[in-house]
Amino acid sequence: MAERDLQSVAGAMPVGKGRLARWPQWLRFVVVGTFNTGVSFGAYLLLLALGLPFALANLLSLMLGIVVSFRTQGSWVFDSTDWSRLRRFVPTWLLIYAFNVAGIALLVRWGLTPQWAGLTALPFVVVLSYALQRLWVFRQDAKPVPGVADANHL
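These lines cover the structure that appears in this document, whether it is placed above or below. These figures come from a predicted structure and were not determined experimentally. (Residues numbered from 1 in each chain as written. Predicted model: local features only at pLDDT ≥ 70, side-chain atom pairs only at ≥ 80, totals over all residues. Heavy atoms only, no water.)

## Things to note about the environment of A117
Item 1. Relative to the helices and strands, A117 is located in helix α6 (residues 114-137).
Item 2. Looking at A117, the relative accessible area reads 0%, which means it is buried.
Item 3. Counting along the chain gives 13 residues from A117 to I104, while the straight-line C-alpha distance between them is 5.1 Å.
Item 4. Aside from chain neighbours lying at most four places away, what touches A117 is I104, L107, V108 and L112. (Helix = DSSP H or I, 4+ residues; strand = E, 2+ residues; numbered from the N terminus. Buried < 20%, exposed > 50% of the residue type's maximum accessible area, 1.4 Å probe, protein only. Contact = heavy atoms within 4.5 Å.)

## What about the environment of Q140?
Item 1. Relative to the helices and strands, Q140 resides in the segment after α6.
Item 2. Along the backbone, Q140 and D79 are 61 residues apart, and their C-alpha atoms lie at a distance of 9.5 Å.

## Considerations on the side chain of N100
Item 1. Position of N100 among the secondary structure elements: in helix α5 (residues 86-109).
Item 2. With sequence-adjacent residues up to four places away left out, N100 is seen in contact with N58, A121 and V125.

## A closer look at unusual backbone geometry
Item 1. Of note, D79 is a non-glycine position whose phi angle comes to about 50 degrees, a positive value.
Item 2. Along the polypeptide, D79 turns up in the loop between α4 (54-77) and α5.

## Things to note about the side chain of T72
Item 1. Of note, T72 is situated in helix α4.
Item 2. Ignoring any residue separated from it by four or fewer positions in sequence, one finds T72 in contact with V32, N36 and V77.

## What about the packing of α5 against α6?
Item 1. Between α5 and α6, the least distance of the axes is 9 Å, while the angle of their chain directions is 150 degrees. In terms of orientation, α5 and α6 fall into the roughly antiparallel class. Viewed along their axes, α5 and α6 form a crossing whose handedness is right-handed.
Item 2. Tallied by class, the residues present in the contact of α5 with α6 amount to 17 nonpolar, 6 polar and 1 charged. (Axes fitted to C-alpha atoms, helices over the stretch in contact; angles between N-to-C directions. Parallel < 35°, antiparallel > 145°, perpendicular 65-115°, else oblique. Left-handed = near helix turned anticlockwise from the far one by under 90°. Nonpolar A, V, L, I, M, F, W, Y, C, P; charged D, E, K, R; others polar.)

## A few points about the packing of helix α3 (residues 25-49) against α4
Item 1. Between α3 and α4, the shortest axis-to-axis distance is 8 Å and the interhelical angle comes to 155 degrees. In terms of axis orientation, α3 runs roughly antiparallel to α4. Regarding α3 and α4, the two cross each other, and that crossing is right-handed.

## Re the packing of aromatic side chains
Item 1. Tallied over the entire structure, the rule returns 10 aromatic pairs.
Item 2. Members of the aromatic cluster, joined through ring pairs, are F29, F70, F78, W83, F89, W93, Y130 and F138. (Phe/Tyr/Trp six-rings, centres within 6.5 Å; stacked < 30°, edge-to-face > 60°.)

## Thoughts on the nonpolar core
Item 1. Grouped together as the largest cluster of nonpolar side chains are 16 residues, with contacts concentrated most on F78, F89, W93 and F138.
Item 2. At the level of secondary structure, the elements contributing two or more residues to this core comprise α3, α4, α5 and α6.
Item 3. In terms of residues, this core owes the most to one element, α5, which gives 5 residues.
Item 4. Not counting residues up to four positions away in its chain, the partners in contact with W93 are L62, I66, S69, S129 and Q133.
Item 5. Core analysis: the second largest hydrophobic core is formed by 10 residues, F41, L47, A57 and A121 among them. (Core = buried A, V, L, I, M, F, W, Y, C linked by side-chain atoms within 4.5 Å.)

## Let's talk about a nonpolar patch on the surface
Item 1. Together, W83, L86, V90 and L94 give the surface a local cluster of nonpolar side chains, amounting to about 300 Å² of exposed area.
Item 2. Following the sequence through the fold, L94 ends up in helix α5.
Item 3. A relative accessible area of 45% places L94 in the partly exposed class. (Patch = residues over 30% accessible without salt bridge, like charges linked within 9 Å, V, L, I, M, F, W, Y side chains within 5 Å. Areas by Shrake-Rupley, 256 points an atom, 1.4 Å probe, with all protein chains shown as cover. Salt bridge = Lys/Arg side-chain N within 4 Å of Asp/Glu carboxyl O.)

Function-wise, these values are silent; they only describe arrangement.
This is the structure in structure tokens:
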């Protein structure tokens, strides 16, 4: 597939190009993750303000975050536009969600507000997320899942 076509499939930033692509992978993860986290945490705070319990607010903000994160982390951090990896990405994020909710619940039990508990849990969630995505979801030796279209072959 021509590079121009790949760019249109991958989104605004071409895979492997641009200033961000020259940064170390972990730093790209932090930068892109900060954006993704801002979107998710902003949604979490909004949903809490609307009166939703923290677990449901976290789940709904996670769902939004999964959509944004798969696209940005895959293309900008791990140089992957392979949609078959979504089969690993979603269950990975369900595990991260469970870890996050358990952490928030523990921190709320210790006296933090759900807002501060969510913010306090973030660094732990970031480290877990990077490790699981690098080692499992977007690892370079992973074989494509049969029957799922690869964006490089559209």
